[in-house]
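Residue strings, one per chain:
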Amino acid sequence: MSILAKIAEIESEMARTQRNKATAHHLGLLKARLAKLRRELITPKGGGGGGPGEGFDVAKTGDARIGFVGFPSVGKSTLLSNLAGVYSEVAAYEFTTLTTVPGVIRYKGAKIQLLDLPGIIEGAKDGKGRGRQVIAVARTCNLILIVLDVLKPLGHKKLIEHELEGFGIRLNKQPPNIGFKKKDKGGINFTTTCAQSELDPETVKSILAEYKIHNADITLRGDCTADDLIDVVEGNRVYIPCIYVLNKIDQISIEELDIIYKVPHCVPISAHHRWNFDDLLERIWDYLQLVRIYTKPKGQLPDYTSPVVLPDGRTSVEDFCLKIHKNLIKELKYALVWGASVKHNPQKVGKDHVMEDEDVIQLVKK
């Protein structure tokens, strides 16, 4: 029996089962089984097999990477060529783009790589079309733009989200607040810091038993679902921010546009007429959460043209040094920082000091 057949069988059983307290335990088990089968689909067992799809993964350049995901013919290529000035083949039939087309834009001093991925079809997570490779590239992005056609309703959005979820990509979510630690002995030690509506010790034990884990510490620091627990145990989930780009707004009325603007994480644009690109770029910048650090050579003015761009959360002086060269940190005596992260301008700081956007730094070597 193939993996796909097994998955279909479990999904139909889950659809048949009523959801209540008595069946929660059984549903948790089924979800765990489903997650295991999905993982086998993504990483097939066995030897090397044929290499990955030709010309798919692109070398990572620039400070951040954005993937365009969407169904065929929603205007991904038009959007890329108008944003980045890169020619990605555009035609009136579906599946024009067959491999990944990279482009680069410079925005606020940061180099941002844009990837035009081939169109996704329903069932991509099960390996249909080139879906598997497309979603594998999408996993490596810092931000995903889901490009949707305004005229084809938001059913598309649901389908794409479902495909990405099946691949372990979680959009606009934070990792679940669950402590999970395997042990050698001592059984399952289960603690909660607040009331749980779905998970009880029995369900947790059965889900872990499905993964052949019989000794572990589990701490739930919030009201968690069985899916959250499975995500933590699988450990291969990526949490990526996402913007829904609604293209082809030149074909709808103003009233409809007002409604669309109220949807969270949405930016309506027209790729063909280049409408509302500045709003899209500003939103992209917000979601990427990049921090720009300007450098200042001794006795000269700061260089405001080419900042060193760091991802949010890794902005200490040490991270800054490693971004430039790995040997720099060994030679560092201290750094002088001007800007929002310090009380005095300039202030002498060590390698653990965390900098903020648009700070100016001068390194002093030993």
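Residues numbered from 1 in each chain as written. Predicted model: local features only at pLDDT ≥ 70, side-chain atom pairs only at ≥ 80, totals over all residues. Heavy atoms only, no water.

Asks: So, the nonpolar core: which residues are in play, and what are the values?
Replies: For soluble globular proteins, the rule of thumb is that nonpolar side chains tend to be buried together. Counting 54 residues, the largest nonpolar core has Ile66, Phe68, Leu79, Leu114 and Ile146 as the members making the most contacts within it. Element by element, the count of residues in this core is highest for helix H9 (residues 277-288), at seven residues. Ranked by size, the runner-up nonpolar core spans 17 residues in total, among them Ala32, Leu220, Leu229 and Val233. (Core = buried A, V, L, I, M, F, W, Y, C linked by side-chain atoms within 4.5 Å. Buried < 20%, exposed > 50% of the residue type's maximum accessible area, 1.4 Å probe, protein only. Helix = DSSP H or I, 4+ residues; strand = E, 2+ residues; numbered from the N terminus.)

Asks: So what about the packing of aromatic side chains? Which residues, and what values?
Replies: Applying the stated criterion across every chain, the model contains two aromatic pairs. Judged by centre distance (6.1 Å) and plane angle (70°), the rings of Tyr107 and Trp285 are edge-to-face. Taken together, the residues Tyr107 in strand S2 (residues 101-107) and Trp285 in helix H9 connect sequence positions 178 residues apart. Since its relative accessible area comes to 18%, Tyr107 is described here as buried. Its relative accessible area of 7% is what places Trp285 among the buried residues. The lysine or arginine in question, Lys36, covers the ring of Tyr211, its NZ or CZ lying 5.9 Å from the ring centre. Here the basic side chain of Lys348 rests over the ring of Tyr334, its NZ or CZ set 4.4 Å away from the ring centre. (Phe/Tyr/Trp six-rings, centres within 6.5 Å; stacked < 30°, edge-to-face > 60°. Lys NZ or Arg CZ within 6 Å of the ring centre and 35° of its normal.)

Asks: Pulling in residues and values, what's your account of helix H7 (residues 226-234)?
Replies: Residues three or four positions apart in an α-helix share a direction because the helix packs 3.6 residues into each turn. Among the residues making up H7, those that are buried are Ala226, Leu229, Ile230, Asp231, Val233 and Glu234. Downstream of H7 by a residue or two, Gly235 has a phi angle that is positive, lying close to 70°.

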